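Residue-level listing of the chains:
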Amino acid sequence: MRKWILRLHLYGGLLCSSYLVLFGVSSLLFNHRVSFAEPGEQTVSWERDVTPGAAFTCTPRLS
Amino acid sequence: MVFVLMYFVSGYVILHGKWFGTRPPAKSTRHARLATPISSNPQDLQSGLEAQLGLHGKPQPPRKRKDGSWELTYSRPGDVQQAIVHPDGRVEVTESKQNFAGTLNAFHRLHGYSGGGLYVFWAVLYDLASASMIVFALSGIYLWYKITRRRTLGWALLAVSFLYAGGTIAYLVYAP
């Protein structure tokens with residue numbers, strides 16, 4: 001029993017390790033105002049007439 | 001441990017919000033008139049209003065609106081108060097009380113070193129939990145490498161884990 005729990009802990013941990021690191025890093029950035037993680041100044045705006053029910057594509061224009 | 005468990009529970013409530021009730025926030029509005037003249041300094045205005053109107057929670061920076069009024073928002077998990085202060089001294093305070101799911105959602109998103117003692121203490125615990133996730137993940141990989149001799153399955157799981165995470169990020173950021 002102990003052996004299986006150990007294996008579950010070990011291999012389950014390896015499988016989840018990348019997400020733990022990701023969540024850890026993103027949480028730290030969320031809690032602190034770090035310049036490179038702040039939202040950018042650049043905004044994208046676009047407009048186009050659409051017909052309800054018809055498929056359409058658009059090309060965003062940077063402003 | 002309890003702190004991390006709270007994030008697990010509240011994260012689950014966020015993922016399955018409908019299971020925990022979808023009642024919209026209960027809003028109530030009250031009107032008042034300031035006994036003292038309005039200060040032009042936002043910080044003075046804020047501290048004066050806190051005392052006069054009994055506003056509570058974590059304050060956000062006062063925001064001046066186009067019509068010349070000031071908007072002050074105070075929030076704490078489950079309860080948001082927004083005060084609109086008009087130039088003539090009239091004040092309108094709207095209070096929104098969240099349901100259970102909304103309150104847990106607010107706890108899950110509570111962050112930042114501002115708002116006073118308890119909020120700062122929360123932010124410290126938040127940082128500790130975040131750093132722990134990174135440290136435990138990396139130290140776990142190191143321990144696995146040190147205590148096992150046959151590592152094929154481990155390497156495969158690590159590869160799947162990091163490739164899947166990287167692929168998910170790339171897809172979410174760059175997918176058309």
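Residues numbered from 1 in each chain as written. Chains lettered and ligands numbered in written order. Predicted model: local features only at pLDDT ≥ 70, side-chain atom pairs only at ≥ 80, totals over all residues.

Moving on: the overall build of chain B. Tallying secondary structure elements over chain B gives 5 helices and 6 strands in all. Its helices and strands taken in sequence order, chain B reads α-β-α-β-β-β-β-β-α-α-α from the N to the C terminus. Taken over the C-alpha trace, chain B has a radius of gyration of 23 Å; the compact-globule value for 176 residues is 16 Å, which it surpasses by more than 25%. (Helix = DSSP H or I, 4+ residues; strand = E, 2+ residues; numbered from the N terminus. Rg over C-alpha atoms; globule rule 2.2 N^0.38 Å.)

What follows is about the overall build of chain A. Looking only at helices and strands, one finds 1 helix and 2 strands in chain A. Traced from its N-terminal end to its C-terminal end, chain A shows the element sequence α-β-β. Here chain A holds 63 residues, and the buried ones make up 10% of them. (Buried ≥ 20, exposed ≤ 12 C-beta atoms within 10 Å, placed from the backbone.)

This part takes up the environment of Leu 104 of chain B. Residues and elements named next belong to chain B. Structurally, Leu 104 can be placed in helix H3 (residues 100-109). A residue is classified by how many C-beta atoms lie within 10 Å of it, and Leu 104, with 23 of them, is buried. Taking the C-alpha atoms as reference points, Leu 104 and Val 9, 95 residues apart in sequence, are found 8.4 Å from one another. In this view, Leu 104 contacts Ser 10 and Val 13; residues no more than four positions away in its chain are not counted. (Contact = placed C-beta atoms within 7 Å.)

Let us look at the pairing of strand E6 (residues 90-97) of chain B. Residues and elements named next belong to chain B. Across 8 bridges, the pairing between strand E1 (residues 26-33) and E6 is antiparallel. Looking at E6, one finds that Thr 29 is bridged to Thr 94. Bridge count for strand E5 (residues 79-85) against E6 is 7 bridges, and the pairing is antiparallel. Paired with Ile 84 across the strands is Glu 92, a residue of E6. Adjacent in sequence and paired antiparallel, E5 and E6 are bridged by 4 residues, among which Gly 89 carries a positive phi angle near 95°. (Pairing = 2+ DSSP bridges.)

Interface size is commonly expressed as the accessible surface area that is lost when the partners come together. Contact with chain A, which involves 19 residues of that partner, is made by 22 residues of chain B. Within the side of chain A that touches chain B, the residues separate by chemical class into 13 nonpolar, 6 polar and no charged. (Nonpolar A, V, L, I, M, F, W, Y, C, P; charged D, E, K, R; others polar.)

Residue and element names in this part refer to chain B. Among the nonpolar cores identified, the biggest contains 8 residues, and these are Leu 49, Trp 70, Leu 72, Tyr 74, Ala 83, Val 85, Val 91 and Val 93. Counting residues per element, the ones that place at least two in this core are strand E4 (70-76), E5 and E6. Element by element, the count of residues in this core is highest for E4, at 3 residues. When residues no more than four places from it in sequence are discounted, the contact partners of Trp 70 are Pro 42, Leu 45, Pro 62, Lys 64 and Val 85. (Core = buried A, V, L, I, M, F, W, Y, C linked by C-beta atoms within 7 Å.)

Here we come to the confidence of the model for chain B. Residue and element names in this part refer to chain B. With 99% of its residues at a pLDDT of 70 or more, chain B has an overall mean of 86. Looking across chain B, the model is least confident in helix H2 (residues 42-53), with a mean pLDDT of 77, and most confident in helix H5 (residues 152-174), with 94. Both scores are given for the predicted complex: the pTM is 0.73, the ipTM 0.74. (pLDDT = per-residue confidence, 0-100.)

Domain boundaries assigned for chain B yield domain 1 (2-110) and domain 2 (122-174). The straight-line distance from the C-alpha centre of domain 1 of chain B to that of domain 2 of chain B is 37 Å. (Domains from an automatic or database assignment.)

Residue and element names in this part refer to chain B. The pairing of E4 with E5 spans 7 bridges and is classified as antiparallel. Residue pairing in the sheet places Glu 71 in a bridge with Ile 84 of E5. Between E4 and the antiparallel strand that follows it, E5, lie 2 residues; Gly 78 among them carries a positive phi value of about 90°.

Residue and element names in this part refer to chain B. Contact geometry of helix H1 (residues 2-15) with H3 gives a least axis separation of 9 Å together with a crossing angle of 130°. When the interaxial angle is binned, H1 and H3 end up oblique. For the pair H1 and H3, the crossing hand works out as left-handed. Only Ala 101, Leu 104, Asn 105, Phe 107 and His 108 of H3 make contact with H1, whose side of the interface consists of Met 6, Tyr 7, Ser 10, Gly 11, Val 13 and Ile 14. The class makeup of the residues in the contact of H1 with H3 is 7 nonpolar, 4 polar and no charged. (Axes fitted to C-alpha atoms, helices over the stretch in contact; angles between N-to-C directions. Parallel < 35°, antiparallel > 145°, perpendicular 65-115°, else oblique. Left-handed = near helix turned anticlockwise from the far one by under 90°.)

What follows concerns the confidence of the model for chain A. Residue-level pLDDT values for chain A average 82, and 84% of them are 70 or greater. Across chain A, the secondary-structure element scoring lowest on mean pLDDT is strand E2 (residues 61-62) of chain A, at 55, and the one scoring highest is helix H1 (residues 2-31) of chain A, at 92.

This paragraph deals with H1 of chain A. For H1 of chain A, with 30 residues, the first-to-last C-alpha span of 38 Å runs short of the 44 Å given by 1.5 Å per residue. Of all the bends in H1 of chain A, the greatest measures close to 50° and is centred on Cys 16 of chain A. For H1 of chain A, the set of buried residues is Leu 14, Ser 17, Ser 18, Leu 20, Val 21 and Gly 24 of chain A. Where H1 of chain A is buried, its residues touch helix H4 (117-147) and H5 of chain B. (Expected span 1.5 Å × (residues − 1). Bend = angle between axes of the 7 residues up to and from the residue.)

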